[in-house]
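Here is what each chain is made of, one letter per residue.
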Amino acid sequence: MNDSSTYQGVILFTVFSVILVGGGFFLEGHIGFDPADEGFLWYGATATASGEIPVRDFQSYFPGRYYWSAVWLRFLGDGILNLRLSTSIFQAIGLIFGLLVVKRLVRRKPCIVLIALLLWIWTFPRHKLFEPALTMMAVYFGMQMIDHPESLGRYFMAGAFTGVAATFGPNHGLYVSSAFFVLILIICLKTRIGNMPRYLSVWLGGGLTGFSPMLAMILIVPGFFESIRESMTSVFRTGTNLPLPTPWPWVTVPKVISDPHITFFKALFEVTGSFAFLFMPIIFAASLMAVLFKGPRFIRSNSVLVSASVVGLFYQYHAFSRPDIGHLAQVLPPAIIAAIAIPKALNIDNWKFTKFAGIGAIILGIFSGAWAHDYFHYVRHGLAGNPYEQIRICTDILLVKPDMASLVRNVGAMVNESSETPDDVFIAPHWPGFYPLLNRKSPVWETYFLFKSTDEHQRRMIVQMRNSKLKLLIVGDIALDARDDLRFRNTHALVWKYIVENFREFHSDKLPENFRLLKPLRLEKPGS
């Protein structure tokens, strides 16, 4: 492919990705509100935009995603629509890289359009659009190394991307660096180009360059290194995700068939997801077995398949650490790309049956993925006579379900009635989005109370709560995943004891049944 053709492809796919992602944002960017997971990102982005340091000053992932979002919020405002716009822009960039990879496999523009729709509709949830975008970028840079095995520049670019990916999360740094290390081994050993130490050193140099912003923060920002170390220690202690049973097809299909209330699109969504969990590892394992037994010509002529399979293999942990369809979607692009690349590797890409079957599978995937999008449910609820309501979220007007609209109004009224300072309201365990919604700051470092906390951490939290002179607490008694050990009273037993001893519960029918409204028994002095 010559340079002119490459540049034309970049321009074409940039325009198309902007139109596709922009159209999706126009349709559903203003629909729905999630004070939990999306709220976690929103709180972190607004706090970063106001000058706080991720990880050190508030609970967060690595800083990359927060600084990306904070830049847009600083220029456009702190509203949640601007946050969603920032993640959509990142999604569009990832899609551009994905389509540049797909172009190596598919020539017909209508087919590329269908694949783009499939990749777009299966990139969700919207607060985690960084993940699928990074996987598509990783496949692209891996493909570039295979296509140009003697180009030091390609190794440096892959390394730089590895470093940048690591700033979005240590898991991304681990997955991408592991995948690229294996790809370099494959390139050097299977194609016999030699100079492996040279290529590895150039790749590592690129990695240090891409990771240099994090290194600078570690060296310069007071307390940042200690916070990173403590955060990583916590991950090793608690794990990265809460486990779930894998929804294999032989479990999901009978469950769907026996459910008399399930809708067609939800059934299609769940069944499709279950088969994706089954076929993903099979696709990657089979492709890598082919790499082991095939020669250099196969690897170079199937660079897309090799790159997508190696990248996807290492991202499997993310999907199976908590195997719900939301985590599946975050790492699904490499599997989609690898599946599209398989017919070419088997020399059956020109068979009519292969073409029809492929197009049919893509269309089925597009329809099944619709269930995950807010616009689909907005229309569905409207047709059922249960329309969404308009509600103001800071400076933005959103359309949300009636129960969420009532919750936002009720929590807002409670906070505005009792709160006097920005940090005198405490909300737990899973509603951090109410802080930026109500222009408040969390009185404690932790904003999403998920795992069992250490006594030392809880004692620090109690000190922070005392110093904030809390006027109002909203605390939920949530057994996440139906696990009693994940209730706030059990994950944060010392904090719960402090709350029970120092705050009085008030009955409120304006909160969900399992939530408590509490106010102080007496006004405590800071540090008492």
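Rules used throughout
Residues numbered from 1 in each chain as written. Predicted model: local features only at pLDDT ≥ 70, side-chain atom pairs only at ≥ 80, totals over all residues. Heavy atoms only, no water. Patch = residues over 30% accessible without salt bridge, like charges linked within 9 Å, V, L, I, M, F, W, Y side chains within 5 Å. Areas by Shrake-Rupley, 256 points an atom, 1.4 Å probe, with all protein chains shown as cover. Salt bridge = Lys/Arg side-chain N within 4 Å of Asp/Glu carboxyl O. Lys, Arg positive; Asp, Glu negative; His and termini not counted. Charge placed at Lys NZ, Arg CZ, Asp CG, Glu CD. Helix = DSSP H or I, 4+ residues; strand = E, 2+ residues; numbered from the N terminus. Buried < 20%, exposed > 50% of the residue type's maximum accessible area, 1.4 Å probe, protein only. Pairing = 2+ DSSP bridges. Axes fitted to C-alpha atoms, helices over the stretch in contact; angles between N-to-C directions. Contact = heavy atoms within 4.5 Å. Expected span 1.5 Å × (residues − 1). Parallel < 35°, antiparallel > 145°, perpendicular 65-115°, else oblique. Left-handed = near helix turned anticlockwise from the far one by under 90°. Nonpolar A, V, L, I, M, F, W, Y, C, P; charged D, E, K, R; others polar. pLDDT = per-residue confidence, 0-100. Core = buried A, V, L, I, M, F, W, Y, C linked by side-chain atoms within 4.5 Å. Phe/Tyr/Trp six-rings, centres within 6.5 Å; stacked < 30°, edge-to-face > 60°. Lys NZ or Arg CZ within 6 Å of the ring centre and 35° of its normal.

Draft legend 1. Broad picture of a positive patch on the surface. A grouping of K255, K266, R380 and K401 is seen on the molecular surface, where their side chains present a positively charged patch. Structurally, the position occupied by K266 is in helix α13 (residues 264-293). The exposure class assigned to K266 is partly exposed, which follows from its relative accessible area of 31%.

Draft legend 2. Quick look at the pairing of strand β1 (residues 389-393). In this structure, β1 lies alongside strand β2 (residues 396-400), joined through five bridges in antiparallel fashion. For Q390, the partnering residue across the bridge sits in β2 and is L399. Between β1 and the antiparallel strand that follows it, β2, lie two residues; C394 among them carries a positive phi value of about 60°.

Draft legend 3. Region of the structure containing the sheet that holds strand β6 (residues 515-520). Pairing in this open sheet of four strands is mixed, and the strands run β3-β4-β6-β5 from one edge to the other. Strand pairing shows two members of the sheet lacking a second neighbour, β3 (425-428) and β5 (503-506), which therefore form its edges. The mean angle between the axes of side-by-side strands here comes to 25°, regardless of whether they run parallel or antiparallel. Taken together, the four bridges between β3 and strand β4 (residues 472-476) define a ladder with parallel strand orientation. Across the sheet, the residue bridging to A428 is V475, located in β4. The strands that helix α21 (residues 402-418) touches are β3, β4 and β6; relative to β4, the one it contacts most, it runs at about 150°.

Draft legend 4. Up close: the pattern of salt bridges. Within this structure, the stated rule accounts for 18 salt bridges. Taking the shortest distance from any N to any O, the salt bridge between D485 and R483 comes out at 2.8 Å. Judged by relative accessible area, D485 falls into the partly exposed class, the value being 40%. Residues K497 and E501 are paired through a salt bridge, measuring 2.8 Å at the closest nitrogen-oxygen approach. Linking K497 with E501, this pair stays in helix α25 (residues 493-502), spanning four residues, or about one helical turn.

Draft legend 5. Inspection of helix α2 (residues 37-49) at higher detail. Its 13 residues place the ends of α2 19 Å apart at the C-alpha level, agreeing with the 18 Å of an ideal helix rising 1.5 Å per residue. Across the 13 residues of α2, twelve count as buried, placing the element largely inside the fold. Where α2 is buried, its residues contact α3 (64-76), α4 (80-102), α6 (130-147), β1 and α22 (434-437).

Draft legend 6. Region of interest: the environment of A384. Along the chain, A384 falls in the loop between α20 (374-383) and β1. Measuring from C-alpha to C-alpha, the distance between A384 and S468 comes to 46 Å, with 84 residues separating the pair along the chain.

Draft legend 7. Geometry of the packing of helix α7 (residues 152-167) against helix α9 (residues 196-210). Orientation of α7 relative to α9, taken along the N-to-C sense of each, is 40°, at an axis distance of 6 Å. With respect to α9, the element α7 is oriented oblique. Note on packing geometry: the crossing formed by α7 with α9 is right-handed. Only R198, Y199, V202, W203, G205, G206, G207, T209 and G210 of α9 make contact with α7, whose side of the interface consists of L152, Y155, F156, A158, G159, A160, T162, G163, V164 and T167. Here the residues of the contact of α7 with α9 are counted per class, giving nine nonpolar, nine polar and one charged.

Draft legend 8. Region of interest: the packing of α13 against helix α19 (residues 352-369). Taken N-terminus to C-terminus, the directions of α13 and α19 make an angle of 120°; their axes are 8 Å apart at the nearest point. With respect to α19, the axis of α13 lies oblique. Judged by the sense of rotation from one axis to the other, the crossing of α13 with α19 is left-handed. Taking contact as the criterion, the partners of F265, L268, F269 and T272 in α13 are, on α19, L364, F367, S368 and G369. Considered class by class, the residues forming the contact of α13 with α19 number five nonpolar, three polar and no charged.

Draft legend 9. Looking closely at the confidence of the model for the chain. Across the chain, the average pLDDT comes to 94, with 98% of residues at or above 70. Per-residue pLDDT stays below 50 along residues 524-528; that stretch engages in nine contacts with residues further than four places along the chain or on separate chains.

Draft legend 10. Layout of a nonpolar patch on the surface. A surface patch of nonpolar side chains, about 530 Å² in accessible area, is lined by F26, L27, Y375, V379 and L383. Elements that contribute at least two residues to the nonpolar patch include exactly α1 (3-28) and α20. With three residues, α20 is the single largest residue contributor to the nonpolar patch. With respect to the helices, strands and loops of the structure, L383 is situated in helix α20.

Draft legend 11. Focus on the nonpolar core. Grouped together as the largest cluster of nonpolar side chains are 149 residues, with contacts concentrated most on F33, W122, F180, F426, M465 and I499. Excluding anything up to four places from it in sequence, F426 contacts Y435, P443, V444, F449, M465, L470, L472, L473, I474, V475, F488 and I499. If you look at the next biggest cluster of nonpolar residues, it comprises ten residues, including I53, A166, M217 and I228.

Draft legend 12. Quick look at the packing of aromatic side chains. This structure, assessed with the given rule, holds 38 aromatic pairs. Between the aromatic rings of F124 and F269, the centroid separation amounts to 6.1 Å while the plane-to-plane angle is 45°, which identifies the pairing as tilted. A residue pair is termed long-range when its members are at least 10 positions apart, and F124 in the loop between α5 (109-121) and α6 and F269 in helix α13 qualify at 145 residues. Assigned by exposure class, F124 and F269 land together as buried. Each ring, one from W431 and one from F515, has its centre 4.1 Å from the other, and the planes form 10°; the classification is stacked. Here F515 lies in strand β6 and W431 lies in the loop between β3 and α22, a separation of 84 residues in the sequence. Both residues of the pair, W431 and F515, count as buried. One aromatic cluster is present, formed by F33, W42, W431, F434 and F515 through successive ring pairs. Note that K519 overlies the ring of F506, its terminal NZ or CZ placed 5.5 Å from the centroid.

Draft legend 13. The arrangement of unusual backbone geometry in detail. With an omega of -5°, the peptide bond running from F124 to P125 counts as cis. Cis geometry marks the peptide bond from A428 to P429, where omega comes out at 5°. Along the polypeptide, P429 turns up in the loop between β3 and α22. The phi dihedral of V55 falls on the positive side, at around 75°, and the residue is not glycine. Tracing the backbone shows V55 in the loop between α2 and α3. Of the residues examined, V55 reaches a relative accessible area of 2% and is grouped as buried. For N347, which is not glycine, the phi torsion reads 60° and is therefore positive.

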